[in-house]
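Descriptive structure summary
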Amino acid sequence: MMKEETCSPVLENVYKAEERLRNVVVRTPLAVNNNLSGIYNSNISFKREDLQRVRSYKIRGAYNKMATMSREELEKGVVCASAGNHAQGVAFACHTMKVKGTIFMPLPTPGQKLEQVKMFGGSYIDVVLYGDTFDAAKDAAMRFCKDHDSAFIHPFDDPAIIEGQATTALEILEQAENSVDYLFVPIGGGGLAAGICSVFKELSPHTRIIGVEPSAAASMKKAIEKGKPVLLEKISRFVDGAAVQQVGELTFEHCKNVLYDMVTVDEGSVCETILSLYNKDAIVVEPAGALSVTALEKYKDEIQGKNVVCIISGSNNDITRMEEIKEKALLYAGLKHYFLVRFPQRPGALKTFVMDVLGTDDDITYFEYTQKNSKEKGIAVVGIALKQKEDFSPLINKMKQYDFFVNYLNNDPSLMNLLI
């Protein structure tokens, strides 16, 4: 793409960031996804930031920020807080630029991301695990900065960070063979979305930019509703790359009048997308990396015949999470159900349950029962997988008919988590 002879200061800074990053970041592909294009009768492409050097777009902002700092600032060391991907970007920049860094990460950070941070940073970084959320880790990092006179590398709310992430937008516009009608972008703190908005509003103002957040951590949606960033009292950490309690002041200003829509998606739906991308396209994504694709279903009517881009933001997924991801996907799809079941303490009771209650395609996936001789009946915790969700009502009816049913645990997540 040819640069405009005259452009805004923000866009000019994005072009400068592009020059700084030219030999640092990977120019990730914009690849057509034939499977989804067929499903939605549209031309859907993935911007594969999961193929970046640190497996996410975060390297763009982190390196650009540090490259704009003076040597005197860098010699005092840098500090950041991150749930994983920003930490890897900062770690990579520290190692490349020979700068000492201290990285604060929440205690529940997936092990894979923690190990990657250590690998990219090597001896140039120290990792401090603190708090249950990004925001708690950030508060600790800010205190550390004050005590050690170090510079804080914000994960999203900084002009240089936003300008670095915005180079993703320049690449999309340069790579797209046709005009982009819809662009789906994941949002956590809003750094990537802010960068995308700052570029597209000038170079492709007709493009409808859809922000996507997990429904249990919808900080940008709430900010737009209230007209300013607000602190969410409680969020879910499952989509860790987008689990932010409050979006940035700067990112909000960039996004509020440019985003066409804010969409929220359930965690179970995100898990379905993760499994589908792996099984059908051999693409491994983290939960945040699946947000943009998950939102397509909500726009299935509007995007028909259109040119659509989904940003795949990262692939830093811990393999140990796959069982949890599969479970969440099955629960969301209505194919996995847990019950408290009352069994008569007599020979043949389980056989009756299997032969007369379960359907021919139903499968017991979990069973916990202890016989107590002083009781006529005992309670078991039973997990059942269905082939299709329509089999649920017949199953419930049969359980009640034969007096096996006690309680349905899917409607009581707290009790289910306690028992299973």
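Refer to the structure printed above.
As a starting point, this report considers the structure included with it. Note that the coordinates shown come from a computational prediction; the quantities given were computed from them, not determined experimentally.

Rules used in this analysis
- The residue count restarts for each chain, going from 1 along the sequence in the order it is written.
- Local features in this predicted model are restricted to residues of pLDDT 70 or higher, and side-chain atom pairs are both shown and tallied only at a pLDDT of 80 or more, whereas totals for entire chains, interfaces and linings draw on every residue.
- Hydrogens and waters are ignored; side-chain quantities use all the structure's heavy atoms.
- In this description a helix means any DSSP run of H or I spanning at least four residues, a strand means any run of E spanning at least two, and both kinds are numbered starting from the N terminus.
- Only C-alpha atoms enter the radius of gyration; for comparison, a globular chain is expected to reach 2.2 Å times N to the power 0.38, where N is the number of residues.
- With a 1.4 Å probe rolled over the protein chains alone, any residue whose accessible area is under 20% of its type maximum counts as buried; one over 50% counts as exposed, and the rest are partly exposed.
- Contact criterion: two residues are considered in contact whenever any of their non-hydrogen atoms come within 4.5 Å of each other.
- To be clear on the numbers: accessible area is Shrake-Rupley with a 1.4 Å probe, and residue cover counts the displayed protein chains and nothing else.
- Think of it this way: Lys and Arg go in the positive column, Asp and Glu in the negative one, and His and the chain ends go nowhere.
- Just so you know, the charge point we use is NZ for Lys, CZ for Arg, CG for Asp and CD for Glu.
- To obtain each axis, a line is fitted to C-alpha atoms, and for helices this fit is confined to the stretch in contact; angles are then taken between N-to-C directions over 0 to 180 degrees.
- Roughly parallel here means an angle under 35 degrees, roughly antiparallel means over 145, roughly perpendicular means 65 to 115, and every remaining angle is called oblique.
- Each helix crossing is assigned a hand: it is left-handed if the near helix lies turned anticlockwise from the far helix by less than a right angle, otherwise right-handed if that turn is clockwise.
- A pair of strands is considered paired only if DSSP assigns at least 2 bridges between the two.
- The disulfide definition used here is simple: a pair of cysteine sulfur atoms within 2.5 Å.
- Think of a patch as exposed residues, more than 30% relative accessible area, with no salt bridge, where like charges cluster within 9 Å and nonpolar side chains (Val, Leu, Ile, Met, Phe, Trp, Tyr) cluster within 5 Å.
- Salt bridge criterion: a side-chain nitrogen from Lys or Arg within 4 Å of a carboxyl oxygen from Asp or Glu.
- Each helix should span, by expectation, one fewer than its residue count multiplied by 1.5 Å.
- It is the directions from the helix axis to the C-beta atoms whose arc is reported.
- Polarity classes work like this: nonpolar for Ala, Val, Leu, Ile, Met, Phe, Trp, Tyr, Cys and Pro, charged for Asp, Glu, Lys and Arg, and polar for all others, with Gly in that last group.

**What about the overall build of the chain?**
- Helix and strand counts for the chain stand at 17 helices and 14 strands.
- Taking 22 Å as the expected radius of gyration for a compact globule of 420 residues, we find that the chain reaches 24 Å, a close match to that expectation.
- C-alpha atoms of the chain, sized along the principal axes, occupy 80 × 55 × 40 Å.
- Among the 420 residues that make up the chain, the fraction classed as buried is 54%.
- Pairs at least 24 residues apart make up 75% of the contacts formed inside the chain by residues separated by at least 6 positions.
- As displayed, the chain has an accessible area near 19000 Å², and 48% of this comes from carbon and sulfur atoms.
- The distance from the centre of the 48 positive side-chain charges to the centre of the 54 negative ones in the chain is 3 Å.

**Quick notes on the packing of helix α8 (residues 159-175) against helix α9 (residues 191-203)**
- Packing of α8 against α9 brings their axes to within 7 Å, and their N-to-C directions diverge by 50°. Between α8 and α9, the angle falls in the class oblique. Helix-helix and strand crossings are classified by hand; for α8 and α9 the assignment is right-handed. Where α8 approaches α9, its residues Ile162, Gln165, Ala166, Thr168, Ala169, Leu170, Ile172 and Leu173 are matched on the opposing element by Gly191, Leu192, Ala194, Gly195, Ile196, Ser198, Val199, Phe200 and Leu203.

**Side note on unusual backbone geometry**
- Phi at asparagine 41 takes a positive value of approximately 50°, unusual for a residue other than glycine.
- In the Ramachandran plot, lysine 98 falls in the positive-phi region, its phi being about 60° despite a non-glycine side chain.
- Tracing the sequence through the fold places lysine 98 in the loop between α5 (85-97) and β4 (101-105).
- What makes lysine 98 partly exposed here is its relative accessible area of 47%.

**A short note on the sheet that holds strand β5 (residues 125-129)**
- The strand order across the open sheet built from four strands is β5-β4-β3-β6, with neighbouring strands paired in parallel fashion. Two strands lie at the open edges of the sheet, namely β5 and β6 (151-152), each paired on one side alone.
- The sheet contact formed by strand β3 (residues 78-81) and β4 spans four bridges and is parallel. When the sheet's bridge partners are listed, alanine 81 is paired in β4 with phenylalanine 104.
- Taken strand by strand, α5 contacts β3, β4 and β5, and its axis lies near 165° from that of β3.

**Description of the state of the cysteines**
- For the coordinates displayed, the defined rule picks out zero disulfides.
- In this structure cysteine 255 is a free cysteine whose sulfur lies 4.3 Å from that of cysteine 197, the closest cysteine sulfur available.
- For cysteine 255, a relative accessible area of 0% gives the class buried.
- With no disulfide partner, cysteine 310 has as its closest neighbouring cysteine sulfur the one in cysteine 197, 15 Å distant.

**What to know about a nonpolar patch on the surface**
- Among the surface-exposed residues, Leu350, Val354, Met355 and Phe367 lie close enough to one another that they form a single nonpolar patch of about 370 Å² accessible area.
- Here the element with the most residues in the nonpolar patch is helix α15 (residues 349-357); it accounts for three residues.
- Looking at where leucine 350 falls in the secondary structure, it is placed in helix α15.

**Here we look at helix α1 (residues 9-21)**
- The end-to-end C-alpha distance of α1, which contains 13 residues, comes to 18 Å, matching closely the 18 Å that a straight helix rising 1.5 Å per residue would cover.
- Within the sequence span of α1, burial applies to Leu11, Val14, Tyr15, Ala17, Glu18 and Leu21. For α1, the buried positions fall inside an angular range of 155° around the axis, keeping them on one side.
- Buried residues in α1 make contact with α3 (58-67), α8 and α9.

**Section: the sheet that holds strand β2 (residues 43-48)**
- Pairing is mixed in the open sheet, where six strands are placed in the order β1-β2-β10-β7-β8-β9. Edge positions in the open sheet fall to β1 (30-32) and β9 (261-265), since each of these has one partner strand only. Pairs of neighbouring strands in the sheet enclose a mean axial angle of 25°, with direction left out of account.
- Where strand β7 (residues 182-186) meets strand β10 (residues 307-312), three bridges bridge the pair, whose relative direction is parallel.

**Details of the packing of α3 against α5**
- Here α3 crosses α5 at 45°, and the two axes come no closer than 8 Å. On the basis of their axis angle, the class for α3 and α5 is oblique. Where α3 crosses over α5, the two elements pack in a sense that is right-handed. Here α3 contributes Lys58, Ile59, Ala62, Tyr63, Met66 and Ala67 to the contact with α5, which in turn contributes Asn85, His86, Gly89, Val90, Phe92, Ala93, Cys94, Thr96 and Met97.
- Of the residues belonging to the contact of α3 with α5, the class tally is ten nonpolar, four polar and one charged.

**Thoughts on the pairing of β7**
- Across the five residues that make up β7, a large majority, five, are buried.
- Burial along β7 is two-sided: the residues Tyr182, Phe184 and Pro186 and Leu183 and Val185 are all buried.
- The pairing of β7 with strand β8 (residues 208-214) spans five bridges and is classified as parallel. The residue of β8 that forms the bridge with valine 185 is glycine 211.

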